[in-house]
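What follows is the residue order along each chain.
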Amino acid sequence: GGTACVVTGQPFDTAKVKMQTFPEMYKGVVDCFVKTYKQVGLRGFYKGTTPALVANIAENSVLFMCYGFCQQIVRKIVGVDRKTKLRLVTN
């Protein structure tokens, strides 16, 4: 899921950074996409993908680990065993 997020979002992030760095070069997002494609081609939109992918993988790993730890803490506070499925609303 993280890989799909980076692959689909990277072209937009690249355009955003280019427009922030060189605001006088582009009239808008479409102009930025067109000029980037004409100058560098499709791979121009994916420069910097590797660091973004590594960062996304690391971020998701930490989030899932913390989610599991938080579930254990809630189970301990509520007083249920590890096999009990946590629900938003209890009866």
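Structural data are supplied above this passage.
Everything numeric here is computed off the predicted structure, so don't read it as measured data. (Residues numbered from 1 in each chain as written. Predicted model: local features only at pLDDT ≥ 70, side-chain atom pairs only at ≥ 80, totals over all residues. Heavy atoms only, no water.)

Trainee: Please clarify how the packing of helix H1 (residues 2–21) against helix H2 (residues 29–40) should be interpreted in this entry.
Mentor: Angle between the axes and distance between the axes: these two values describe a pair of packed helices. The contact between H1 and H2 brings their axes to 10 Å, and the two run at 105°. With respect to each other, H1 and H2 are oriented roughly perpendicular. Residues Pro 11, Phe 12, Ala 15, Lys 18 and Met 19 of H1 touch H2, and the partners they reach there are Val 29, Cys 32, Phe 33 and Thr 36. (Axes fitted to C-alpha atoms, helices over the stretch in contact; angles between N-to-C directions. Helix = DSSP H or I, 4+ residues; strand = E, 2+ residues; numbered from the N terminus. Parallel < 35°, antiparallel > 145°, perpendicular 65-115°, else oblique. Contact = heavy atoms within 4.5 Å.)

Trainee: Would you explain the packing of aromatic side chains in this entry?
Mentor: How two aromatic rings sit relative to each other is given by the distance of their centres and the angle of their planes. Summed over the entire model, instances satisfying the criterion amount to two aromatic pairs. Ring geometry for Phe 12 versus Phe 33: centroids 5.7 Å apart, planes at 70°, classification edge-to-face. Linking Phe 12 in helix H1 with Phe 33 in helix H2, this pair joins segments that are 21 residues apart in sequence. A relative accessible area of 22% means that Phe 33 is categorised as partly exposed. An aromatic cluster of three or more residues is present, and its members are Phe 12, Phe 33 and Phe 45. (Phe/Tyr/Trp six-rings, centres within 6.5 Å; stacked < 30°, edge-to-face > 60°. Buried < 20%, exposed > 50% of the residue type's maximum accessible area, 1.4 Å probe, protein only.)

Trainee: Please clarify how H1 should be interpreted in this entry.
Mentor: Every α-helix carries 3.6 residues per turn, so stepping three or four residues along brings you back to the same face. Given a rise of 1.5 Å per residue, 20 residues ought to cover 28 Å, and the 26 Å separating the end C-alpha atoms of H1 matches this to within 8%. At Gly 9, H1 is bent by approximately 45°, the largest bend along its length, and proline Pro 11 sits one to four residues beyond. Along H1, the positions that sit buried rather than exposed are Gly 2, Val 6, Gln 10, Pro 11, Thr 14, Ala 15 and Lys 18. Where H1 is buried, its residues touch H2 and helix H3 (49–78). (Expected span 1.5 Å × (residues − 1). Bend = angle between axes of the 7 residues up to and from the residue.)

Trainee: How should I be thinking about the pattern of salt bridges in this particular structure?
Mentor: Where charged atoms from two side chains of opposite charge approach closely, those side chains can pair. The final tally for this structure, using the stated rule, is two salt bridges. Here Lys 16 makes a salt bridge to Asp 13, at a shortest N to O gap of 3.3 Å. With Lys 16 and Asp 13 both in helix H1, this residue pair falls three residues apart, about one helical turn. Given the relative accessible area of 33%, Asp 13 is considered partly exposed. Between Lys 35 and Asp 31 there is a salt bridge; the shortest N-O distance is 3.3 Å. Residue Lys 35 and its partner Asp 31 are located together in helix H2, separated by four residues, close to a single helical turn. Here Lys 35 falls in the partly exposed class, since its relative accessible area comes to 29%. (Salt bridge = Lys/Arg side-chain N within 4 Å of Asp/Glu carboxyl O.)

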